[in-house]
Amino acid sequence: MSKTSLVSTKANMKVKQNTMVLFLDVDGVLNSDSTDISLVENLIQDDRMTLYMDKSLVHKLNSIQEAVPDVQWILSSSWRIFGINEVNKFLKDKGFTGELIDMTPLEFCYTPRWEEIANWLRTNKHTGPYCILDDDTAGGGFRHMPRDLMRRWIQINPKVGLTQKNVKEAIELLQEVN
């Protein structure tokens, strides 16, 4: 394992070359400021943070899975600290029909999210269609982000989380022919 990356999972052995890939953030995408956490099951809470997924937002991911059944789901969220298997269990508990098969490298020092995604694309020699669902403001700024990455970054509003409009846009990006 390198000194900057914690990613060394068996899950990434499943990544198929040149297929459709969706990079998934969790906070702000699968939960939102408008989620009533008093109604949330499986709340993870300690003195530092509260983690949860809104079932209705997770179900919107299923629309993408149904429209693009070959999509490969890559975790790009800070939830990577829990590991891919734990996050998959959490998603399944909320009704997700897909499966995370890999995650972007979890860097020890701050690296903008877009750089982690660009590194994953480069390392995996991915040339197929992809999109990014994230509430982050381009993971550290648009200024240095490559244009193609910027074009595929679907900015989620953290006040509401994933919307049907975001789902439609993701499906369109994934179905694009290179």
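Residues numbered from 1 in each chain as written. Predicted model: local features only at pLDDT ≥ 70, side-chain atom pairs only at ≥ 80, totals over all residues. Heavy atoms only, no water.

Peer 1: So, the pattern of salt bridges: which residues are in play, and what are the values?
Peer 2: One pass over the structure, following the stated rule, counts 9 salt bridges. In this structure, the salt-bridge partner of Arg151 is Asp148, at a minimum N-O distance of 3.9 Å. Residue Arg151 and its partner Asp148 are both found in helix α4 (residues 147–151); the two are separated by 3 residues, about one turn of the helix. As a salt-bridge pair, Glu176 and Arg151 come within 3.0 Å of each other at their nearest N and O atoms. Here Arg151 lies in helix α4 and Glu176 lies in the segment after α5 (164–174), a separation of 25 residues in the sequence. Judged by relative accessible area, Glu176 falls into the partly exposed class, the value being 28%. According to the relative accessible area criterion, Arg151 is partly exposed, its value standing at 42%. Residues participating in the shared-partner salt-bridge network are Asp148, Arg151, Arg152 and Glu176. (Salt bridge = Lys/Arg side-chain N within 4 Å of Asp/Glu carboxyl O. Helix = DSSP H or I, 4+ residues; strand = E, 2+ residues; numbered from the N terminus. Buried < 20%, exposed > 50% of the residue type's maximum accessible area, 1.4 Å probe, protein only.)

Peer 1: Quick rundown of the packing of helix α1 (residues 55–67) against α5? Include the residues and the values.
Peer 2: Packing of α1 against α5 brings their axes to within 10 Å, and their N-to-C directions diverge by 25°. Here α1 is positioned roughly parallel relative to α5, judged by the angle of their axes. In terms of crossing hand, the pair formed by α1 and α5 is right-handed. In contact with Lys60, Ser63, Ile64 and Ala67 of α1, α5 contributes Gln164, Val167, Ala170, Ile171 and Leu174. (Axes fitted to C-alpha atoms, helices over the stretch in contact; angles between N-to-C directions. Parallel < 35°, antiparallel > 145°, perpendicular 65-115°, else oblique. Left-handed = near helix turned anticlockwise from the far one by under 90°. Contact = heavy atoms within 4.5 Å.)

Peer 1: Any chance you could break down the confidence of the model for the protein chain for me, citing the residues and the numbers?
Peer 2: In the predicted model, the protein chain carries a mean pLDDT of 81, and 76% of its residues have values of at least 70. Segment residues 1–13 is flagged for pLDDT under 50; beyond a separation of four residues in sequence, or across chains, it makes 23 contacts in the model. Scored below 50 in pLDDT, residues 46–50 makes 6 contacts in the model with residues more than four places away or belonging to other chains. (pLDDT = per-residue confidence, 0-100.)

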